[in-house]
Amino acid sequence: MAFARVNGVVLHHDVRGRPDGPVLVFSNSLGTDFRIWDKVAETLGDDYRIVLYDKRGHGLSEATPAPYRLIDHVHDLAALLDHLGIEKAGVVGLSVGGLIAQGLAAMRPDHVAALVLCDTAHKIGNDELWNTRIDAVTKNGIESIAGAILERWFTVGYRDPENADYVGYTAMLTRTNVDGYAGTCAALRDADLTESTRALKLPVLCVVGGQDGSTPPDLVRSTADLIEGARFEIIEGAGHLPCIERPDETARLIGGFLNDAGWR
Ligand SMILES: O=C(O)CCC(=O)CC(=O)O
């Protein structure tokens, strides 16, 4: 793993997998860091050079003061790829990471070979939802809303206090920097990519956990419907984070799609 100051912010990142493989970049969701991709990256790393990073305010990346704009996150990722000398990549993004991926594809169409949009949409939530959440975490901390978030993230069977992974990912959420969390909520509140995403012309897979309580299947399907030729898949037995609950199925779908898209 490494740190780099790009676009005025220090980003924590890691490059792993097949050194001479085509590049696959992963962008993570609100309140998580790049470890959510570990199992998926392990499988796909046989074929791909994998780039994982923590967006600003998350994981070990620098938490600049809130609020953020989606375009800040998009420029951060573009600058990180430039720093790494990567000219073209497949981009996989989960939830707000999926909005970042859509934004990057719109901004740099020649640099994105294919998009995998996991549990995300062209627009997520509304002003009231995000303003209420910003208010709650700035006044009372992420812990105060963690129970509700975890119900949207994971299926009931996974949410077992005896499940060590569940306890670990709960800690990942509640230890997220408040500026990072609230700042990214503001980015989500203000992002509506309907028009730029409708104009995308590249291979796209939209995939969603069947029990996703944050970005449910119908919402993700509405984004797939916007994009000409986009594929849509549901992963049963997973909530908002299929990369954690169903990593093998997630890797299989991503690998199969990239193969069909010719990015391998
Ligand atoms: O996960 C994201 O990046 C945003 C969607 C969301 O609200 C997740 C949650 O339910 O907390």
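The name given to the protein chain in an unreviewed UniProt entry is 3-oxoadipate enol-lactonase, and the organism recorded there is Neoaquamicrobium sediminum.

With the rule as written, the count across this model stands at 16 salt bridges. Close ionic contact of aspartate 72 with arginine 69 constitutes a salt bridge, the shortest N to O distance being 2.8 Å. Classification of aspartate 72 as buried rests on a relative accessible area of 14%. Where glutamate 195 meets arginine 198, a salt bridge forms, and the shortest distance between an N and an O atom there is 3.2 Å. Linking glutamate 195 with arginine 198, this pair stays in helix H8 (residues 194-198), spanning three residues, or about one helical turn. Judged by relative accessible area, arginine 198 falls into the partly exposed class, the value being 40%.

With that out of the way, let us pick up the UniProt feature "domain: AB hydrolase-1" (unreviewed entry) in the protein chain. When the UniProt feature table is mapped onto this chain, "domain: AB hydrolase-1" (unreviewed entry) is found at residues 22-127. A helix fraction of 32% and a strand fraction of 22% characterise residues 22-127, whose end C-alpha atoms lie 39 Å from each other.

This part takes up the packing of aromatic side chains. For the coordinates displayed, the defined rule picks out five aromatic pairs. Considering the side-chain rings of phenylalanine 26 and tryptophan 37, the 4.9 Å spacing of their centres and the 50° angle between planes classify their relative orientation as tilted. With phenylalanine 26 in strand E3 (residues 23-27) and tryptophan 37 in the loop between E3 and helix H1 (38-44), this residue pair connects regions lying eleven residues apart in the sequence. One exposure class covers both phenylalanine 26 and tryptophan 37, and it is buried. The interplanar angle of 85° and the centroid separation of 6.0 Å between the aromatic rings of tryptophan 153 and phenylalanine 154 together place this pair among those described as edge-to-face.

Pairing of strand E7 (residues 204-209) with strand E8 (residues 231-235) involves five bridges; the strand directions are parallel. Following the sheet pairing, cysteine 206 is matched in E8 by phenylalanine 232. A crossover connection joins E7 to the parallel E8 through helix H9 (residues 217-226); in handedness this β-α-β unit is right-handed.

A few words on the nonpolar core. The biggest cluster of nonpolar side chains holds 93 residues, and the ones touching the most others in it are Phe26, Trp37, Leu44, Leu115, Phe154 and Tyr181. Discounting chain neighbours no more than four positions away, the residues touching tryptophan 37 are Phe26, Ser27, Asn28, Leu52, Val92, Leu94, Cys118 and Cys243.

In this section: the side chain of threonine 184. You can see threonine 184 is positioned in helix H7 (residues 178-190). Among all residues touching threonine 184, those that are not within four sequence positions of it are Leu30, Lys55, Arg56, His58, Tyr68, His73, Val96 and Asp179.

This next bit is on the pairing of strand E5 (residues 89-94). By the criterion of burial, E5 is predominantly enclosed, with six of the six residues buried. When E3 meets E5, the two strands line up parallel, connected through four bridges. Counted as the bridge partner of phenylalanine 26 is valine 92 from E5. Across six bridges, E5 lies against strand E6 (residues 112-118) in parallel orientation.

Cut-offs and rules
- Residues numbered from 1 in each chain as written.
- Predicted model: local features only at pLDDT ≥ 70, side-chain atom pairs only at ≥ 80, totals over all residues.
- Heavy atoms only, no water.
- Salt bridge = Lys/Arg side-chain N within 4 Å of Asp/Glu carboxyl O.
- Buried < 20%, exposed > 50% of the residue type's maximum accessible area, 1.4 Å probe, protein only.
- Helix = DSSP H or I, 4+ residues; strand = E, 2+ residues; numbered from the N terminus.
- UniProt positions renumbered as here; feature names shortened; annotations may be inferred.
- Phe/Tyr/Trp six-rings, centres within 6.5 Å; stacked < 30°, edge-to-face > 60°.
- Pairing = 2+ DSSP bridges.
- Right-handed = clockwise from strand over helix to strand, strands pointing away.
- Core = buried A, V, L, I, M, F, W, Y, C linked by side-chain atoms within 4.5 Å.
- Contact = heavy atoms within 4.5 Å.

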